[in-house]
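# What the coordinates show
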Amino acid sequence: MDTDPTDGRGGPGADAFRGSEPAGGGPRRVLLVDDEPGAADLAATHVERLVDRVETVTRTAPADALDVVREERVDCVVSDYNMPGTDGLELLEAVRAIDPGLPFVLFTGRGSEEIASEAISAGVTDYLQKGVGRDRYEILANSVENALDRRRAERDLREVNAKVTAIHEFATEVAAAESADEVFERVVGAAEGILEFDRCVTARRLDDRLVPTARSANVGEDEVRTFDLGEGVVGTTAAEERTIVVDNLSVDPADPDDLEDPETPSGASPSEEGGRREGSDGGDDGDADASADGAELADPVADNIRSAISVPIGSYGVFQAVSDGYAAFDEGDVEFAELLAAHAADALEQLETENALRAERDKLSAFFRDLPLPVIRTAPAEGADRRIDATNEAFEETFGLSEADHGYEEIHDAIIPEGSDPIDASGVLEDGEPVRREVRRQTTDGLRDFILNVIPVDRSEETIVYNVYADIDDQKRVERTLRRLHETTREMFRGGDREEVAALATRAAIDILEFPSSGVRLYDPETDALLPTAISEEATEALGERPAFGPGDGRLWEAFETGEPIVVDDLDAVDTAIGYGEHRSLLVVPLGDHGVMPLGSREPGFFDDTAVQLARVLGANVTVALNHAQRTAQLRERDAELQREIDRLEKFAGLVSHDLRNPLNVAAGRLGMARSAVDDGEALDELDRIGDAHDRMEELIDDLLALARQGRTVDELETVSLADAAARAWRTVDTADATLDPPGSSLTVEADPERLRTLLENLFTNSVEHGSNPAPDAGGVTVSVGALPDGFYVADDGAGFDIDPEEATEYGTSSDPRGTGFGLAIVREIAAAHGWEFEVVDGDGARFEFRTGD
């Protein structure tokens, strides 16, 4: 406690401390003013005891108190109200004239609403009455502590705002830097001026090395060196592009005091308390290395470095600040350093982009004249017009025009055909982005297709536009040819037999590939020869009537046998097994097992690589079409055979229905007459057995008719609810005490509704008749219908099969001597008619699975 009125007057230099926190985190000073010395000392004693890191100064006269405020550092004033000469509010006014932001607590024994109102109006920080008791001084201490905290917060906020403003100004300045070295120099200057770091260095990344670029004035040249990428704090910062803060970089193990954190209780080492803190990199919290010793990671150059902060400048380098004090850099330092480095990285990225653009401009200019592609360069003219800036030699050769002899409008009108949609040069300039488009232009050789690249390039004085033409006329011709070949292939698929496909192929070779002498020879296995199936008129004129060719007959048979195209550039220069008339060039394209496609020309060397490739494409398409025609013919033959089989089944059904039912009906009628004429019991029993045989025959006839009809292919399908179909089928079956477990209402199947119902009726009948347990007290069988991933199933919990499940689906096979053996056979035929896979599973009961492919 300082009670001497003359103590603490440090002269004019002391004013530098006004409004700041004590250096090095020392105690904060509270000035207590009261004309009663005992009261001032008592209040000071309580404040020092109850408020941390506080020292008090007491004065009994307002004038002396003003001298302390004026000449020394004071962080808060506590004043009585009623004092001789000057009251507390007058003292407040005088204090605020010296330091407008200084907290002022009015602590008075004379309290009234009037004084309180005046104090609040005057801007007093707090108004308290002395009263009696310790709690009054506790309230005073609390008020002083709050005032000091607010003072510190306001000061911190001012400092932060000042730094943020300064860093924003730095961002503007560094964005104007003309070189990377200038950026690194500005970072060091800003760190010294804004962040008040006095030992800073920036290192630039060059490949896998970190080279010192700029340093503070008080960092000697012998204190910096080059680091490898990943070496030490600097190298690790650059390699991982994340901030690293080290609290205790270099310690002396022989000095126990040096190993201790000044803010840590005795006995805790820096490595235990966080010898190294790791900064942010967008999400990495550094937990893997949090306990690492900073001295192991770092490789300090100077011996007096104890703590450091190392921040990546993007991928371009590292900023590092060091100190000889323990934990010299707090979180605020880290945030501001990272903000500084981020602005520097943006500036370096901008420089890199500008340098790349500049290099690209230089490259364009250097290659402009020698570029083999036609290029015309335009520049702004008066108003919105353009002018020709330059044309290269390739442009002049392609279009016959140059900037020396022709103007912009003349060249524009000469090369762009009427009706074309020209590229809007003003739009390209406005967007500043290259444009790529397919165009057709008038050249010295006629209309040709090009890829036009329009590239705007900024110059310091203007924006020029490069128009680069890449000739794709041959490519577009090939594309149009391939498109027409594809259309012809579809036509060949719609064609009929192989002869029609051959005729279409010959016409395509003439009209699309422009090979007038063309033909197709199809292989005849009966004669083992290639027959002239379709030959063009020009080929006939050049060759004459052509016979069939067999093994050993020249290049045609060789191509058919090897499956490889054969090209002869000059037939007069080679020996041939057969004559080729007036033809000088020959191209033979194999058509798989179907034959060959011979193509000829009266010109030697007529078939270049492009012609051969297009002919092979046509040959491949013709081969596929011939395969299709062959399969179509086979399918038609199969369909005809199936139709004949269907007709036989229909005749069989008619035979069964008509020729068997009539005699059976007669027999049944005669049996009825016999019953009425016979009274003998044994005879009637025999007649009943005859009636049973008639019923058996009737059942067999019905099943045979169903089998014949249900096996026909289903032509039209409908979406059928399996639950509804199962319910209808269940109502038509004598189910006795059986139970149906139906499927969900959402389960559907694509089927013929009536045949699906018949299938379910047969399965339900089979389950009821063959699945029931014969035991007297056994319950009825349960039949369930449900979904499969790709179909549905019908199952029961009955006794299962007494015979092989697969045999049970054969005609006439039944485990019941009274059964016809056609029920499951009909199920199998209905499934086959729909194209379903049918499987019988014998387990706990019988299970029938149908995979419909839905």
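Residues numbered from 1 in each chain as written. Predicted model: local features only at pLDDT ≥ 70, side-chain atom pairs only at ≥ 80, totals over all residues. Heavy atoms only, no water.

## So, a negative patch on the surface
Together, D370, E382, D385, E393, E396, E397, D405, E409, E410 and D413 line one region of the surface with negative charge. Contributions of two or more residues to the negative patch are made by α11 (393-399) and α12 (408-415). Checked against the element boundaries, D405 lands in the loop between α11 and α12. Its relative accessible area of 59% is what places D405 among the exposed residues. (Patch = residues over 30% accessible without salt bridge, like charges linked within 9 Å, V, L, I, M, F, W, Y side chains within 5 Å. Areas by Shrake-Rupley, 256 points an atom, 1.4 Å probe, with all protein chains shown as cover. Salt bridge = Lys/Arg side-chain N within 4 Å of Asp/Glu carboxyl O. Lys, Arg positive; Asp, Glu negative; His and termini not counted. Charge placed at Lys NZ, Arg CZ, Asp CG, Glu CD. Helix = DSSP H or I, 4+ residues; strand = E, 2+ residues; numbered from the N terminus. Buried < 20%, exposed > 50% of the residue type's maximum accessible area, 1.4 Å probe, protein only.)

## What about the sheet that holds strand β22 (residues 595-601)?
Sheet architecture is open: five strands sit in the order β19-β18-β22-β21-β20, paired in antiparallel fashion. Both outer strands of the open sheet, β19 (529-535) and β20 (566-568), are each paired with one neighbouring strand and no more. Ignoring strand direction, the axes of neighbouring strands in this sheet form an average angle of 20 degrees. Docked against the sheet, helix α15 (residues 498-511) engages β18 (517-524), β19 and β22, running at close to 155 degrees with respect to β18. (Pairing = 2+ DSSP bridges. Axes fitted to C-alpha atoms, helices over the stretch in contact; angles between N-to-C directions. Contact = heavy atoms within 4.5 Å.)

## Description of helix α2 (residues 62-71)
Turning to α2, its buried residues are P62, A65, L66, V68 and V69. Projected onto a plane normal to the axis of α2, the buried residues spread over an arc of 155 degrees and lie on a single side. Elements that come into contact with the buried residues of α2 comprise β1 (28-33), β2 (54-59), β3 (76-79) and α3 (88-98). (Arc of directions from axis to C-beta.)

## Re the pairing of β18
The buried fraction of β18 is high, at eight of eight residues. Here β18 shows two buried faces, one formed by S517, G519, R521 and Y523 and the other by S518, V520, L522 and D524. Pairing of β18 with β22 involves four bridges; the strand directions are antiparallel. Pairing of R521 across the sheet is with V596, part of β22.

## Notes on the pattern of salt bridges
If you walk through the whole model with that rule in mind, you get 29 salt bridges. R199 serves as the salt-bridge partner of E223, at 2.7 Å between the closest nitrogen and oxygen. Here E223, found in the loop between β7 (209-215) and β8 (227-228), pairs with R199, found in the loop between α6 (180-193) and β6 (200-206); they are 24 residues apart in sequence, far enough to count as distant. Using a relative accessible area of 22% as the deciding quantity, one classes E223 as partly exposed. For R199, a relative accessible area of 11% corresponds to the buried category. Between R584 and D572 there is a salt bridge, and its shortest N-O distance comes to 3.0 Å. A residue pair is termed long-range when its members are at least 10 positions apart, and R584 in the loop between β20 and β21 (585-590) and D572 in the loop between β20 and β21 qualify at twelve residues. On the accessibility criterion, D572 (56% relative accessible area) is exposed. One continuous salt-bridge network, built from bridges that share partners, spans D790, E839, R847, E849 and R851.

## Considering the packing of aromatic side chains
Summed over the entire model, instances satisfying the criterion amount to 20 aromatic pairs. Centroid distance F395 to Y469: 6.4 Å. Interplanar angle 45 degrees. Geometry classified as tilted. Note that F395 is positioned in helix α11 and Y469 in strand β17 (residues 463-471), a separation of 74 residues in sequence. Residue class for F395 comes out buried when judged on its relative accessible area of 0%. Note on Y469: relative accessible area 4%, which makes it buried. Consider the rings of F399 and F450, whose centres lie 5.7 Å apart with planes at 35 degrees: the pair is tilted. With a gap of 51 residues between them, F399 in helix α11 and F450 in strand β16 (residues 446-458) connect regions that are remote in the sequence. You can call F399 buried: its relative accessible area is 6%. Here F450 falls in the buried class, since its relative accessible area comes to 1%. Taken together, the aromatic side chains of F792, W836, F838, F848 and F850 make up a single cluster linked through ring pairs. (Phe/Tyr/Trp six-rings, centres within 6.5 Å; stacked < 30°, edge-to-face > 60°.)

## Structural notes on the packing of α2 against α3
Across the interface, α2 lies against α3 with an axial gap of 10 Å and an inter-helix angle of 20 degrees. It follows that α2 is roughly parallel to α3 by the angle criterion. For α2 against α3, the interelement crossing comes out right-handed. Here P62, L66, V69 and R70 of α2 come into contact with α3, specifically with L91, A94, V95 and I98. The class makeup of the residues in the contact of α2 with α3 is seven nonpolar, no polar and one charged. (Parallel < 35°, antiparallel > 145°, perpendicular 65-115°, else oblique. Left-handed = near helix turned anticlockwise from the far one by under 90°. Nonpolar A, V, L, I, M, F, W, Y, C, P; charged D, E, K, R; others polar.)

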